[in-house]
Amino acid sequence: MARVASSAPVLYDVDEHGVAIVTLDEPDTRNALSAEMLEGLIERFSEAAREERVRCVVLRSSHETVFSSGANLGGFAADAPLVHKHFATERFVELFRTILALEKPTICEAGGHVLAGALGIALACDLIVASERATFGTPEISIGAFPFMIMALIYRNVARKKANELLLLGERIDAQAALAAGIVNRVVAPEELEGAVRDWARRLAGRSPVIMRLGKAAMRRQMDMSLEDALEYLRGQLSLAVSTEDIVEGVSAFFAKREPEWKGR
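A brief look at the structure comes next. (Residues numbered from 1 in each chain as written. Predicted model: local features only at pLDDT ≥ 70, side-chain atom pairs only at ≥ 80, totals over all residues. Heavy atoms only, no water.)

1. Let's talk about the nonpolar core
Among the nonpolar cores identified, the biggest contains 50 residues, and Leu 41, Phe 45, Leu 59, Ile 121, Phe 136 and Ile 183 are the most heavily contacted of them. Those residues in contact with Ile 121, other than ones at most four positions away along the chain, are Leu 33, Leu 38, Leu 41, Leu 59, Leu 95, Phe 96 and Ile 99. With 14 residues, the next largest nonpolar core counts Cys 56, Ile 107, Leu 193 and Ala 205 among its residues. (Core = buried A, V, L, I, M, F, W, Y, C linked by side-chain atoms within 4.5 Å. Buried < 20%, exposed > 50% of the residue type's maximum accessible area, 1.4 Å probe, protein only. Contact = heavy atoms within 4.5 Å.)

Listed below in structure tokens is the structure:
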């Protein structure tokens, strides 16, 4: 894997398969979501969106036991005007929008604890693969706060009663409980995590980029439509997909029992 760029505390690499690896790399703070960390994440996901060679993005942590401990709590007690604290949270909104709008598949590699705001970042990704030692939680209530910034993402991924439990009790759940709750897609042994994520990432990177782009956009846009509006919108997207060269190539390759050669158009 060739190093492309780094912006402490976030690293960015792209491998030969077109998989971009975005790494939280501030172990001394347990990857606390400081302004610098959030800015770095926004920059790296934006870079992945711009680069044509990138076909899939993996978000991971360099810390052995922690993905991220969540927001930097010092900011809540800082002696600063309230309006400045309000403006500071814009970075969370911008990051969520950037990840959700990315028309390339994203995987969160949860190798350790995923807490508070970090859970929102993980849920913004399309897929989450977790180590058996990972835990997930929204502990804000225990310090007199509440996970307002990630609430919308939690309720769009987790059944309402379970979401209520997470928010109100603030207790951590283990990886298997997160799997049962629909938070993660797959749980593997710690030593198998990197290989499992790499396998999925390369499979995703090997799909038609133009169809993936259309599909990702449709997945996001239809979510908040009424059923009738969604059906009509998706019918139009199907017609658009049928007009591409890649769908012809994919069908031809299927009948010829060969690997498709995507043109991205």
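Now that the structure has been shown, the text picks up again.
2. Some words on the packing of helix α4 (residues 90-101) against helix α6 (residues 148-155)
The axes of two packed helices give the description: the angle between them and the distance between them. In contact at an axis separation of 10 Å, α4 and α6 are set at 25 degrees when each is read in the N-to-C sense. With respect to α6, the element α4 is oriented roughly parallel. The way α4 lies across α6 gives a crossing that is right-handed. In this structure, α4 uses Phe 92, Val 93, Phe 96 and Leu 100 to contact α6, whose residues at the interface are Met 149, Ile 150 and Leu 153. Residues of the contact of α4 with α6, tallied by class, amount to seven nonpolar, no polar and no charged. (Axes fitted to C-alpha atoms, helices over the stretch in contact; angles between N-to-C directions. Helix = DSSP H or I, 4+ residues; strand = E, 2+ residues; numbered from the N terminus. Parallel < 35°, antiparallel > 145°, perpendicular 65-115°, else oblique. Left-handed = near helix turned anticlockwise from the far one by under 90°. Nonpolar A, V, L, I, M, F, W, Y, C, P; charged D, E, K, R; others polar.)

3. A word on the pattern of salt bridges
Counted according to the given criterion, the structure contains 14 salt bridges. Taking the shortest distance from any N to any O, the salt bridge between Glu 51 and Arg 53 comes out at 3.0 Å. According to the relative accessible area criterion, Arg 53 is partly exposed, its value standing at 43%. Glu 109 is the salt-bridge partner of Arg 60, the closest N and O atoms lying 3.6 Å from each other. Taken together, the residues span a long stretch of sequence, with Arg 60 in strand β4 (residues 56-61) and Glu 109 in strand β6 (residues 106-110) at a distance of 49 residues. A relative accessible area of 10% places Glu 109 in the buried class. When salt bridges with common partners are traced through the structure, they connect Glu 245, Lys 263 and Arg 265 into a single cluster. (Salt bridge = Lys/Arg side-chain N within 4 Å of Asp/Glu carboxyl O.)

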